[in-house]
Amino acid sequence: MTGSVAPLRRIVVVGGGLAGVSTAAALRKGGFDGDLTVVDAGEFPYDRPPLSKAYLSGTQDLKQIALQRPEWYDEQAVRLVNHTRVTALLPSQGRVELDTGAHLEADRVVLATGGRAARPPIPGSDDPRVHVLRDAEDADRLREALVTAGRVLVVGAGLIGAEVASTAVDLGCEVVLVDPVARPLAAVVGDEVAAWLHAQHATRGIITLRGGVESLTAVRAGLSVTVSDLPDPVVVDLVVLGVGMTPETSLAEAAGLDTDRGVLVDAGQVTSNRAVLAVGDPARLRADGVLHPLAEHWEAAQLDGQRAAATLLGTVPPVTGASWFWSDRHQRHVEVVGHLAGADRLVVRGSMSDPSFAAFAFKDGLVQGAVAVDDSTAVRAARRMIDRHLVVDADLVGDPTSDLRKLMRG
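Heads up: these notes are all about the structure in this document.

1. Notes on helix H9 (residues 298-313)
Residues spaced three or four apart along an α-helix face the same direction, because each turn holds 3.6 residues. Helix length check: H9, at 16 residues, gives a terminal C-alpha distance of 23 Å against a target of 22 Å (1.5 Å per residue), a fit within 8%. Every buried residue belonging to H9 is among Glu-299, Ala-300, Ala-301, Leu-303, Asp-304, Gly-305, Arg-307, Ala-308, Ala-309, Ala-310 and Leu-312, and all of these are buried. Looking one or two residues past H9, Gly-314 carries a phi angle of roughly 70°, positive in sign.

Next up, the structure:
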């Protein structure tokens with residue numbers, strides 16, 4: 001850690017994703033009245049979850065997924081420097097350099113640089129018909145290709161891959177979905193629910209294959225994809241790689257900050273240089289010498305921003321409960337709270353053949369996680385049970401006629 005830092009009058013947020021905008025909003029809400037700048041490479045900050053769904057399908061445009069109204073930046077006295085990238089952090093000089101050649105003075109810098117779509121070194125993956133999805137420009141290119149594509153191969157059946165596969169089917173494509181594991185997301189939602197989720201693809205006509213993509217070769221008919229354990233290649237018009245995210249750490253590394261598959265931060269989002277904080281996808285917690293996994297979900301990014309603002313203002317950080325995220329696919333809304341891995345009992349509330357259901361994971365008599373399909377009420381109840389360490393009757397939790405609110409009252 002560096003020594004003393006300058007008084008807090010000028011803050012620059014590098015990156016206009018959810019974590020960066022949440023930081024700016026929390027700073028103003030918390031009473032910061034100094035200079036506040038957000039540097040963003042795009043036209044304006046927008047929400048990313050719709051990129052694989054409504055935006056990719058064309059039912060929402062970029063303005064409809066903006067994180068804030070255009071007027072918000074003036075109302076909150078937040079200077080938005082758009083179409084611009086930060087090229088260097090110079091915390092010892094109290095400034096950041098921009099790709100325009102200009103610089104911004106900064107007493108503190110908040111890194112909200114996000115990440116980039118992972119591209120495994122698959123031979124042939126540099127073909128222009130191989131797509132990734134991380135930003136609006138990626139989505140624009142992919143949508144244009146999907147509307148004329150006949151057959152699409154999606155690599156990776158996790159959150160982003162499943163969502164893209166669902167949207168591609170909606171756009172009229174024939175979709176092949178390949179993943180090396182039999183039950184994608186099993187580590188997150190448990191084997192039983194993961195199997196149910198993966199089986200939903202077939203109900204929409206999606207072909208699911210198990211294996212790893214070994215190579216892609218251009219042929220007259222499109223792209224010939226070699227998949228492990230398959231005797232013949234799969235020929236498609238285009239390929240989408242949905243295999244995860246690589247945190248953007250280049251600025252941090254060049255500035256000498258501690259990194260390890262992410263920018264290392266403490267519980268207040270402070271990096272190894274006290275003048276620099278990091279939030280969102282690139283921020284990786286290091287607590288008591290232990291490195292925690294990256295938290296790549298929407299709410300986690302929002303909370304990071306609020307926590308960073310609290311650190312900068314010297315106020316109480318937000319109370320955080322069990323982790324929560326969601327996914328939409330095949331007209332079904334899936335929510336996950338807490339952790340289902342390592343549970344000693346899984347209790348399904350209702351039946352997986354019902355229009356909606358939930359599964360609660362118990363460990364040593366306590367709820368530690370839950371997953372629900374089209375049942376947000378059950379997830380909210382599960383979150384309270386987890387956060388309050390409530391002892392509840394597992395059999396009653398599994399009974400769809402029982403009132404979860406009464407169970408929480410004992």
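Once you've had a look at it, read on.
2. A short note on the pairing of strand S2 (residues 35-39)
Most of S2 is tucked away, with four of its five residues classed as buried. Once you follow strand S1 (residues 10-14) into helix H1 (residues 18-29) and on to S2, the crossover reads as right-handed. When S2 meets strand S3 (residues 78-81), the two strands line up parallel, connected through four bridges. Residue pairing in the sheet places Val-39 in a bridge with Val-81 of S3.

3. A short note on the pattern of salt bridges
Summed over all chains, the structure comprises 22 salt bridges. When the shortest N-O distance is used, the salt bridge between Asp-140 and Arg-143 registers 3.6 Å. Of this pair, Asp-140 and Arg-143 both sit in helix H4 (residues 136-146), three residues apart, which is roughly one turn of that helix. Here Asp-140 falls in the partly exposed class, since its relative accessible area comes to 32%. The partner of Arg-383 in a salt bridge is Glu-299, with the nearest N and O atoms 2.6 Å apart. Taken together, the residues span a long stretch of sequence, with Arg-383 in helix H10 (residues 376-387) and Glu-299 in helix H9 at a distance of 84 residues. The exposure classification of Arg-383 matches that of Glu-299, with both residues buried.

4. Points about the sheet that holds strand S9 (residues 130-131)
Strand pairs in the sheet, formed through backbone hydrogen bonds, run parallel or antiparallel to each other. If you walk across this open sheet you meet the five strands as S9-S16-S10-S11-S12, and the pairing is parallel. Taken across any chain shown, the strands that pair with only one partner, and hence form the sheet edges, are S9 and strand S12 (207-210). Strand direction decides the pairing type here: S9 and strand S16 (residues 238-241), joined by two bridges, are parallel. Within the sheet, the bridge partner assigned to His-131 lies in S16 and is Val-240. Against the sheet, H4 touches S9, strand S10 (151-155) and S16, its axis set at about 150° to S16.

5. Some points on the nonpolar core
Membership of the largest hydrophobic core comes to 26 residues, with the highest contact counts inside it found for Leu-51, Leu-146, Val-152, Val-154, Val-175 and Leu-238. Among the secondary structure elements, those contributing two or more residues to this core are helix H2 (54-57), H4, S10, helix H5 (159-170), strand S11 (174-179) and S16. Examining the composition of this core, we find that five residues originate from one element, H4, more than from any other. Those residues within four positions of Leu-51 in sequence are excluded, and the remaining contacts are Tyr-46, Leu-56, Ile-65, Leu-133, Arg-134, Asp-135, Ala-136 and Ala-139.

6. Side note on the side chain of Ser-125
Mapping Ser-125 onto the fold places it in the loop between strand S8 (115-117) and S9. Residue Ser-125 is classed as buried on the basis of its relative accessible area, which comes to 11%. Here Ile-122 takes part through its backbone oxygen, which lies 2.8 Å from a polar atom of the side chain of Ser-125. In contact with Ser-125, other than residues within four places in its own chain, are Arg-119, Pro-120, Val-130 and Leu-216.

How each quantity is defined
- Residues numbered from 1 in each chain as written.
- Predicted model: local features only at pLDDT ≥ 70, side-chain atom pairs only at ≥ 80, totals over all residues.
- Heavy atoms only, no water.
- Helix = DSSP H or I, 4+ residues; strand = E, 2+ residues; numbered from the N terminus.
- Expected span 1.5 Å × (residues − 1).
- Buried < 20%, exposed > 50% of the residue type's maximum accessible area, 1.4 Å probe, protein only.
- Right-handed = clockwise from strand over helix to strand, strands pointing away.
- Pairing = 2+ DSSP bridges.
- Salt bridge = Lys/Arg side-chain N within 4 Å of Asp/Glu carboxyl O.
- Contact = heavy atoms within 4.5 Å.
- Axes fitted to C-alpha atoms, helices over the stretch in contact; angles between N-to-C directions.
- Core = buried A, V, L, I, M, F, W, Y, C linked by side-chain atoms within 4.5 Å.
- Polar contact = N/O pair within 3.5 Å; in protein donor to acceptor, adjacent residues only side chain to side chain.

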